[in-house]
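Residues per chain are reported as follows:
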Amino acid sequence: MQYLEIFFYLLFGLFFFSFVSLAPWIPTKRNDLRRVNDIIKLKSWEKFLEMWCWTAKVSLFIAKNNPDAYITWIELSLFFYVISKVRIFFSWLDNIKIIYGNALKLDLEKYDVLYVFGLPETITNKLFPKINSVKNKNFRLVSYCFKMTNDYFKEIKYKPENRFAIYEYKL
Ligand SMILES: C[S@@+](CC[C@H](N)C(=O)[O-])C[C@H]1O[C@@H](n2cnc3c(N)ncnc32)[C@H](O)[C@@H]1O
């Protein structure tokens, strides 16, 4: 009984930590997935990373539409990690993998494209200092809805009428 309680407290702790960590608790809208894919324009050899993945909707869409690119996503909530693992298994895609852990501790050097749906303070104060030192000249960040305040990357804003903004940042 005691072990069961500890297990549930642990599970709740992990769930809570991921909740307060960085991002709004809503996913990218389904009818924006094509727009995101078109803005990202992944080349076949490129490596894509989605930080804070939820149920992996975005990464699965990108993986299906870019079968020669490498797709990774990282999730901190054990609950969503397990759901995403199951979704990968049943997708039968072999260009995709998931990492369980804290996205802000990941080494970003090997990725070409980073996709986030994070709060403006998170991406400006926590993410920018990390990507600021990435040496890959092809590197770009795509941020759904929210702007990252910085004077290092060139910002392109995509905002059709009645749709959310998508921001692209590149050198
Ligand atoms: C807004 S949802 C992500 C939505 C998804 N990217 C999309 O656009 O559909 C936020 C997710 O980030 C996860 N998360 C929060 N902090 C994290 C961290 N430090 N590292 C990895 N994942 C984190 C939460 O568990 C949650 O599943």
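Residues numbered from 1 in each chain as written. Predicted model: local features only at pLDDT ≥ 70, side-chain atom pairs only at ≥ 80, totals over all residues. Heavy atoms only, no water.

### A short note on the overall build of the protein chain
Which entries qualify depends on this criterion: Counting from the N terminus, the helices are the DSSP runs of H or I reaching at least four residues and the strands are the DSSP runs of E reaching at least two. Here the term buried applies to any residue with accessible area under 20% of the maximum for its type, exposed to any over 50%, and partly exposed to those in between, with areas from a 1.4 Å probe on protein chains only. Note on definitions: a residue-residue contact is assigned when non-hydrogen atoms from the two residues lie within 4.5 Å. Here the open area of atoms and residues is found with the Shrake-Rupley method and a 1.4 Å probe, where only the protein chains shown may cover a residue.
Broken down by element type, the protein chain carries five helices and seven strands. The N-to-C order of helical and strand elements in the protein chain reads α-α-β-α-β-α-β-β-α-β-β-β. A total of 171 residues make up the protein chain; the buried ones form 47% of that total. If you take every contact in the protein chain between residues at least 6 apart in sequence, the share linking residues at least 24 apart comes to 66%. Only carbon and sulfur atoms are counted for the fraction: they give 62% of the accessible area of the protein chain, which is about 9,700 Å².

### Let's talk about the pairing of strand β7 (residues 166-170)
Working note: regular strand, side chains alternate between the two faces of the sheet. Operational definition: In this scheme, strands are said to pair when DSSP sees at least two bridges between them.
Of all five residues in β7, four are buried; the element is thus mostly enclosed. In this structure, strand β5 (residues 140-144) lies alongside β7, joined through five bridges in antiparallel fashion. Note that in β7 the partner of L141 across the bridge is Y169. Relative to β7, strand β6 (residues 154-158) runs antiparallel, the two being bridged by five bridges. Its bridge partner lying in β7, I156 is registered against E168.

### Things to note about the confidence of the model for the protein chain
Formally: For every residue, the predictor states its confidence as a pLDDT score lying anywhere from 0 to 100.
Taken over all residues, the pLDDT of the protein chain has a mean of 88, while the share at 70 or more is 85%. Taken element by element, the protein chain is modelled with least confidence in helix α1 (residues 2-21), mean pLDDT 55, and with most confidence in helix α2 (residues 33-40), mean pLDDT 98.

### Let's talk about the sheet that holds strand β1 (residues 47-51)
Here is the rule: Fitted lines through C-alpha atoms give the axes, limited to the stretch in contact for helices. The angle between two N-to-C directions lies from 0 to 180 degrees.
Taken together, the seven strands give an open sheet; going across it, the order is β3-β2-β1-β4-β5-β7-β6, and neighbouring strands pair in mixed fashion. Every other strand in the sheet has two partners, leaving β3 (96-100) and β6 as the edge strands with one partner each. Adjacent strand axes in the sheet meet at a mean angle of 20 degrees when their direction is disregarded. Strand direction decides the pairing type here: strand β4 (residues 113-116) and β5, joined by four bridges, are parallel.

### Structural notes on the environment of E168
Checked against the element boundaries, E168 lands in strand β7. A residue is classified by how much of its surface remains accessible, and E168, at 3% relative accessible area, is buried. E168 sits 21 residues away from K147 along the chain, and the two C-alpha atoms are 9.1 Å apart. If we ignore the near neighbours within four places in the chain, the residues touching E168 are I39, R140, L141, V142, K154, E155, I156 and Y158.

### Observations regarding the packing of aromatic side chains
For clarity, the cut-off: The rule is short: rings of Phe, Tyr and Trp, with Trp giving its six-membered ring, pair when the centres are within 6.5 Å, and they are stacked under 30 degrees, edge-to-face over 60, tilted in between. Criterion for a charge above a ring: Arg CZ or Lys NZ at most 6 Å from the ring centre, at most 35 degrees from the ring normal.
With the rule as written, the count across this model stands at twelve aromatic pairs. When the centroid spacing of 5.8 Å and the interplanar angle of 90 degrees are considered together, the rings of Y144 and F164 count as edge-to-face. Here Y144, found in strand β5, pairs with F164, found in the loop between β6 and β7; they are 20 residues apart in sequence, far enough to count as distant. One aromatic cluster is present, built from ring pairs that chain together F117, Y144, F146 and F164. Of note, K29 hangs over the ring of F164, and the distance from its end group to the ring centre comes to 5.4 Å.

### Remarks on α2
Each α-helix turn comprises 3.6 residues. Residues three or four places apart therefore point the same way. With respect to burial, α2 is a largely interior element, six of its eight residues being buried. Taken together, the buried positions of α2 are L33, R35, V36, N37, I39 and I40. For α2, the elements touching its buried residues are β1, α3 (57-65), β4, β5, β6 and β7.

### What about the nonpolar core?
Put simply, the rule reads: What we call a nonpolar core is a set of buried Ala, Val, Leu, Ile, Met, Phe, Trp, Tyr and Cys residues that are connected through their side-chain atoms within 4.5 Å.
Core analysis: the largest hydrophobic core is formed by 26 residues, its most contacted members being I40, L42, F48, I62, I71 and W73. Contacts of I62, omitting those with residues within four sequence positions, involve V36, N37, I40, L42, F48 and I71. One finds V134, F139, M148 and Y167 within the second-largest nonpolar core, a separate group that totals 23 residues.

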